[in-house]
Amino acid sequence: MTPHRTVSASLEHRTRTAGGAPLLTHYGPATERTELSVASFANWVAKTVNLLDDLGLDADATVTLPVLAGRPAHWMALVWPFALWQAGLPAHLDAPDADLAVLGPDAPAPAAPTTLACSLDAWGRGLADLPGGVLDYSTEALAQSDFAQSTPADKDAPAWVEPGHDLSVGDLAALDPITDRVLAQPTSAHEAVLLLARAILGGGSVVFVESAGDPARTATAEKARVLR
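Quick notes on the rules
- Residues numbered from 1 in each chain as written.
- Predicted model: local features only at pLDDT ≥ 70, side-chain atom pairs only at ≥ 80, totals over all residues.
- Heavy atoms only, no water.
- Salt bridge = Lys/Arg side-chain N within 4 Å of Asp/Glu carboxyl O.
- Buried < 20%, exposed > 50% of the residue type's maximum accessible area, 1.4 Å probe, protein only.
- Helix = DSSP H or I, 4+ residues; strand = E, 2+ residues; numbered from the N terminus.
- Polar contact = N/O pair within 3.5 Å; in protein donor to acceptor, adjacent residues only side chain to side chain.
- Phe/Tyr/Trp six-rings, centres within 6.5 Å; stacked < 30°, edge-to-face > 60°.
- Pairing = 2+ DSSP bridges.
- Expected span 1.5 Å × (residues − 1).

A.B. asks: Could you give an account of the pattern of salt bridges, naming the residues involved and the relevant values?
C.D. replies: Side chains bearing opposite charge may pair, as long as their charged atoms lie close to each other. For the structure shown, the criterion picks out nine salt bridges. In this structure, the salt-bridge partner of Glu35 is Arg33, at a minimum N-O distance of 2.8 Å. Here Lys155 and Asp156 are joined by a salt bridge, their closest N and O atoms 3.4 Å apart. Pair check on accessibility: Lys155 and Asp156 agree, each one exposed. Three or more residues are tied together by salt bridges with common partners; here these are Arg33, Glu35, Arg181 and Glu222.

A.B. asks: Mind laying out the side chain of Arg181, listing which residues take part and the relevant values?
C.D. replies: One can find Arg181 in strand S10 (residues 181–184). A distance of 3.0 Å separates polar atoms of two side chains, one belonging to Arg181 and the other to Thr25.

A.B. asks: Before we move on, could you go through the packing of aromatic side chains and cite the residues and values that matter?
C.D. replies: The geometry of an aromatic ring pair is captured by the separation of the ring centres together with the interplanar angle, meaning the angle of the planes. By the definition in use, this model includes five aromatic pairs. Here Phe41 and Phe82 contribute two aromatic rings whose centre-to-centre distance is 5.6 Å and whose plane-to-plane angle is 75°, an arrangement assigned as edge-to-face. Taken together, the residues Phe41 in helix H2 (residues 38–54) and Phe82 in helix H4 (residues 75–86) connect sequence positions 41 residues apart. Accessibility classification places Phe41 together with Phe82 in one group, the buried group. Considering the side-chain rings of Trp80 and Tyr137, the 5.2 Å spacing of their centres and the 50° angle between planes classify their relative orientation as tilted. Separated by 57 residues along the polypeptide, Trp80 in helix H4 and Tyr137 in helix H5 (residues 137–142) bring together distant segments of the chain. Taken together, the ring pairs connect Trp44, Trp75, Trp80 and Tyr137 into an aromatic cluster.

A.B. asks: So, the pairing of strand S2 (residues 33–37): which residues are in play, and what are the values?
C.D. replies: As paired elements, strand S1 (residues 22–27) and S2 share five bridges and run antiparallel to each other. Among the inter-strand pairings, Leu24 is bridged to a residue of S2, identified as Leu36. Where S1 folds back on S2, the antiparallel hairpin that results is connected by five residues, among which Thr31 adopts a positive phi of roughly 70°.

A.B. asks: How would you summarise H4 if you had to cite specific residues and measurements?
C.D. replies: Compared with an ideal rise of 1.5 Å per residue, which puts 12 residues at 16 Å, H4 spans 17 Å between its outermost C-alpha atoms and is within 8% of the ideal. Counting buried positions along H4 yields 12 of 12 residues, so the element is predominantly enclosed. For H4, the complete set of buried residues consists of Trp75, Met76, Ala77, Leu78, Val79, Trp80, Pro81, Phe82, Ala83, Leu84, Trp85 and Gln86. Gly88 occupies a position one or two residues after H4 and carries a positive phi of about 80°.

So, in structure tokens, the structure goes:
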């Protein structure tokens, strides 16, 4: 039996073979629309992997992602777990003793030895006037190289750490793939991350909607299948 390709390996393969295809389309609360191709998403992932290395995080580092807990459908928040997996690190949704905390834009304050704040801007623009001890993610990431090496992880290594939803690298690789274009309104980080991982594994794409519009109408416009 052929072993499952990891999510990171699948993203790298799709970047080489279908980089221009849409991967993640995000409708924000004000109906702003951002679409990332496979290559665009992979580029943000690579820059974030290099940022992790630049920050000196080693293989035992703990990274917590409150930004993803607060805005699970946002593309910028979703870059993070995929970057961590490519760097060989697990993603924690809530780890109070983390080495790195990644926050959203609302009143960010130092929450770990290193703290990054994500603007969650539709176009990835950065934040200004941050307090001491908080770095702007966009500014730091965009200064990084566009290519990053993957760090292989054992299939039994933790990938997603959340009470009741823990997943290993192998668990992610064994997810049912999504092969078409689907629309969803994820309400949890676990749901959003797994849907995107399944689309990466299967060659599909996702449309994530935060706005309170008509999902069926948006699905028609996006040529997507609505997930119930």
